Structures are given as C-alpha cells and as structure tokens.
Amino acid sequence: MANSLNELRSHYEDFLRGERYNHVDRIATAVDDYVQRSRNMGGPSSGKKGSATGDDVVGWGCPRVRISMAELRSENPRLAQRLRFDPLRHLRALEAACHAVATEERPG
C-alpha cells in the first residue's frame, strides 16, 4: 500500500502512461485546447478577461481531463478502491501525475 504522495503519484503516472486508454494523448489535447481557448479570448483591446497578447497565454481556470473510474478499475482495482475511500489524497496524487505528464508532453 502506497502511503506517500510521491508513491501514489508514481502509481497514477504508471496508469496514465499505459497505452491501453491513450491518457497521454488526452492530456496533451486538453492542454492544447486550453491554450487555444485562452488565445481566442481576445486581444488586449477587447477588454475580455483572460486576454492574450503575443505569446503570453493568460487563461481562466485550468485544463481539464476526464479519467474514467472504470478504466482505472480495470487497470488497477486496488488503486481505484483506495481512491473511493480516500479521495482527497488520491486526487492530489492524480492531479500531480497529470501535471507531470502534461509538463513532459507540452513543456513550457
């Protein structure tokens, strides 16, 4: 049983990097969509919240990725069950794993 955040993050990274469900592609697409939406929110003269100038991207919120509980359950049933019983700690680890994958796939 993994107790630390780093151990849990490692388990979730292994799950996300598995080729069966293409989570890496989903995460990269979510980041790309977020950047594109942020850029399309308007220029500096539009007065819109989250306007982007040049290469600066100022978004509102953060990229969202859906991870299916059924997919996690089919890959790692114990981890899925532990997520249900201790969601806060596991969601932090899952978010950190997604962030690590996103940073590797879309640096910067």
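It should be emphasised that the depicted structure is a prediction, and the values quoted were computed from it without experimental measurement.

**What to know about the nonpolar core**
Counting residues in hydrophobic clusters, the biggest one holds 17 residues, and the most contacted among them are Tyr12, Leu16, Ile27 and Leu72. The set of elements that each furnish at least two residues to this core consists of helix 1 (5-17), helix 2 (23-39), helix 4 (77-85) and helix 5 (87-105). Tallying contributions element by element places helix 5 first for this core, with 6 residues.

**Examining the packing of aromatic side chains**
For the structure shown, the criterion picks out 0 aromatic pairs. It is Arg84 that lies over the ring of Phe85; its NZ or CZ is 5.5 Å from the centre.

**Concerning the pattern of salt bridges**
Considering all chains together, one arrives at 7 salt bridges under this definition. In this structure, the salt-bridge partner of Glu13 is Arg17, at a minimum N-O distance of 3.2 Å. Of this pair, Glu13 and Arg17 both sit in helix 1, 4 residues apart, which is roughly one turn of the helix. The exposure class of Glu13 is buried, given its relative accessible area of 11%.

About the cut-offs
Residues numbered from 1 in each chain as written. Predicted model: local features only at pLDDT ≥ 70, side-chain atom pairs only at ≥ 80, totals over all residues. Heavy atoms only, no water. Core = buried A, V, L, I, M, F, W, Y, C linked by side-chain atoms within 4.5 Å. Buried < 20%, exposed > 50% of the residue type's maximum accessible area, 1.4 Å probe, protein only. Helix = DSSP H or I, 4+ residues; strand = E, 2+ residues; numbered from the N terminus. Phe/Tyr/Trp six-rings, centres within 6.5 Å; stacked < 30°, edge-to-face > 60°. Lys NZ or Arg CZ within 6 Å of the ring centre and 35° of its normal. Salt bridge = Lys/Arg side-chain N within 4 Å of Asp/Glu carboxyl O.

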